[in-house]
Amino acid sequence: MKFEDSSQNLRARLRFIQALVILLLGLLSIRLYVLQVVRGERYAEIAENQRRRRLPIPAPRGVIFDREGRVIVDSRPIYNVILSREDVKDKDLSALIEPLSEGLSVDKDILRDYFEVVKTQPAFETLQVKQDATPGDIAWVESHNLEYPELRVEQQPQRRYPDNGSFAHVLGYVGEISPEQLKQQSYKEKGLKPGDIIGLSGIEQIYDDYLRGKDGYREVVVDSRGRIQDEIETVPPTPGRDLVTTIDLDLQLAAEEQLRNSVTKRGVIISMDPNNGEILALASAPTFDPNLFSRITTKEGRAEYAALLNDPETPLLNRAIQSRYPPGSTWKIPMAIAGLKQGAITLEHSNLVCGGGITIGNKFTRCMGNHGSPDIKAAITHSCDGYFYRLGLKMGIDGIVEMVDEFDLNKRTGIDLPNEVVSWTPSREFKRRMQPRDPEWRDIDTVYASFGQVYDIITPISLLRTIGGISMDGRLYIPHLLKEVKAFGTPGTPDYIGPITFQPLDKSRPNPKIVPIPEAIDAAVVEGMWRVVNGGGTGARIAMAGFDIAGKTGTAQVVGLGKDVGKNKDHSWFVSYAPAFKPEIVMVALIENSGFGGTHAAPAVRGVYDVYYRKTRHEEPPGAVKQQIANKETPEKQTTDKKKTAAVTAAGQQTAINNR
């Protein structure tokens, strides 16, 4: 047998193994050097973060009060299901959609949208999976703690709004910031993150920066399962600031009740103090429940929200500032002021023929009566269309445009609510856009524009501001809902912030805007409006003895004659202020598709005046005066303090009431 020496091969193998070991040890040394020296601080921070957690403490949102300090909106404690992103890698988020949706009844699409957005957020941020968790939700999270240790339940304040949709269009609502909003620069600058609650409508949105507050946090030590072992630091949240509105709770509830009891249950009632622009009541019907928006992440909540969006009655629409209507005969009040100021008529020679209507070319436009040859006061009192057709022709379209500009009827009022729309007002440009096949402005167009139809389509809030300004000798205040943002902190300390009162959102607008109205012209128009209610005019049924209402009815056509039934029936208007010669309150009411202004809108206004009278005079309101004075002595408007000097007596013959 031949002997083979294998020692050479063995030594070669040993040298290879030694070289390999040295190489591996070298690589390991390099890696350890990188981990401990080059990137040591970074990995130490990561390790520390895995051990330490910062748990947010949501700030309670500020309370909202009415003008007398009564609570309208506050918050209540609820439980939310929170997901810690430090325990979940981004690639695993999509795998959670199905079990979380099934276990917590959260819409899959909402979870998918949230998870997509949070991928761009810092890993230490938490995500709110479900708001207002039920006992069943809490039990599900606790029973699945081993499967989903990244989930936990936290207490958080939730907004609580009045029942039955009261104040809904004033207050608005809050909700989670949406993925789309998180991408907007304005929200990024505020440091908002997924799950944050912000104002989404109404004064909740406009004054969100004051109401929201600043979240605090708890810094804790957790184990490998995310269970809290120790608390390191607690920074309490800074609560949002309380807000006092101009709203009078009693008047608001009265206005809402009048709309609920109206024929169609659709419309608007707004009341304001004409001396400063403070809104006392703003009711829009139908309304909605703002509490719904706290349930919008659930399947049921999303279905309710979809039903609201698709409701043909459009309850989410704030009709006071987002709907436009033909003003009907209420348009005659600014027309009367403008016609006298521009010299189309004079106080000494203000009589114009009614004629039962007017014929322009081959088109006859009727008046609801035949009023002879009234003066401006009688034309207002009895709502003579024929008079204002002819006044409009004397003023011309340029005069009507001048009136619109002077009273800001073609601008937003500047009310502190989001999404106010601009009224549509007559002009040559408007007709060219509206009727491109017949763009030339004609006399018949001026006739239509002179009595609140066709080319006059305005918001109730803009009409309110105009009537309020006329009641105050031409001082047009910006309507507003903020009375005061309450002070924060203790006076004399560094954290003290003083109270804030209303400031126009557009700082360049004067408040009030002054529209010069000669005293004699103002007195004549006020007397005409006083007679509408107290002198046998179209609003006679709501007269209050000892509390003179100056007003104007309006009936606005939706379609042509003969077709005005059901949903196409005329809109009912009533604009007014009281007391007539020293105004404290101005009010606009619109009842959609209900008929004559004197029949529907005026009685609704009277219902609110009754509450106001009871609050301010501390006695029961007087009944309506059945017998009115017509074309006899009326109170003269004094030049100094505007106090009424003559009492109204209920005597004389009942005059025919034109309920237009």
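As shown above, the structure is provided for reference.
Keep in mind it's a predicted model, so treat the numbers as computed, not measured.

What counts, and where the lines are drawn
Residues numbered from 1 in each chain as written. Predicted model: local features only at pLDDT ≥ 70, side-chain atom pairs only at ≥ 80, totals over all residues. Heavy atoms only, no water. Helix = DSSP H or I, 4+ residues; strand = E, 2+ residues; numbered from the N terminus. Areas by Shrake-Rupley, 256 points an atom, 1.4 Å probe, with all protein chains shown as cover. Phe/Tyr/Trp six-rings, centres within 6.5 Å; stacked < 30°, edge-to-face > 60°. Buried < 20%, exposed > 50% of the residue type's maximum accessible area, 1.4 Å probe, protein only. Lys NZ or Arg CZ within 6 Å of the ring centre and 35° of its normal. Polar contact = N/O pair within 3.5 Å; in protein donor to acceptor, adjacent residues only side chain to side chain. Pairing = 2+ DSSP bridges. Axes fitted to C-alpha atoms, helices over the stretch in contact; angles between N-to-C directions.

Some words on the overall build of the chain
Part 1 of the argument: Assigned secondary structure in the chain consists of 21 helices and 20 strands.
Part 2 of the argument: Summed over all atoms, the accessible surface of the chain reaches about 30,300 Å², with 52% contributed by carbon and sulfur.

Structural notes on the packing of aromatic side chains
The geometry of an aromatic ring pair is captured by two quantities: the separation of the ring centres and the angle between the planes.
Part 1 of the argument: Enumeration according to the criterion identifies 15 aromatic pairs in this entry.
Part 2 of the argument: With centroids separated by 5.9 Å and ring planes inclined at 20 degrees, the aromatic side chains of Trp140 and Tyr148 adopt a geometry described as stacked. Pair check on accessibility: Trp140 and Tyr148 agree, each one buried.
Part 3 of the argument: Ring centres of Phe293 and Tyr305 lie 5.5 Å apart, and the angle between their planes is 70 degrees; this geometry places the pair in the edge-to-face category. Remark: Tyr305 occurs in helix H12 (residues 299-310) and Phe293 occurs in the loop between strand E12 (278-285) and H12; sequence separation between them is twelve residues.
Part 4 of the argument: Taken together, the ring pairs connect Tyr173, Phe288, Phe293 and Tyr305 into an aromatic cluster.
Part 5 of the argument: Residue placement shows Lys486 over the ring face of Phe65; its charged tip is 4.3 Å from the ring centre.

A closer look at the side chain of Arg606
Part 1 of the argument: With respect to the helices and strands, Arg606 occurs in helix H21 (residues 601-617).
Part 2 of the argument: Among the polar contacts listed, one links the side chain of Arg606 to the backbone oxygen of Pro622, at a separation of 2.4 Å.

A closer look at unusual backbone geometry
Part 1 of the argument: The omega torsion across Ala285 and Pro286 is 0 degrees, close enough to zero to call that bond cis.
Part 2 of the argument: With respect to the element layout, Pro286 can be found in the loop between E12 and H12.
Part 3 of the argument: In this structure, the amide linkage connecting Ala578 to the following residue, Pro579, adopts the cis form with an omega of -15 degrees.
Part 4 of the argument: With respect to the helices and strands, Pro579 occurs in the loop between strand E19 (571-578) and strand E20 (585-591).
Part 5 of the argument: If you check the backbone angles, Asp408 has positive phi at about 60 degrees while not being a glycine.
Part 6 of the argument: Of note, Asp408 is situated in the loop between helix H16 (385-406) and helix H17 (428-434).

As for the sheet that holds strand E8 (residues 216-222)
Part 1 of the argument: Pairing is antiparallel across the open sheet formed by three strands, whose spatial order is E1-E8-E9. At either end of the open sheet lies a strand with only one pairing partner, and these are strand E1 (52-57) and strand E9 (228-235). Pairwise comparison of adjacent strand axes, ignoring direction, gives a mean angle of 25 degrees for this sheet.
Part 2 of the argument: The pairing of E8 with E9 spans six bridges and is antiparallel. Each bridged residue has a counterpart across the sheet, and for Tyr217 the counterpart in E9 is Val235.

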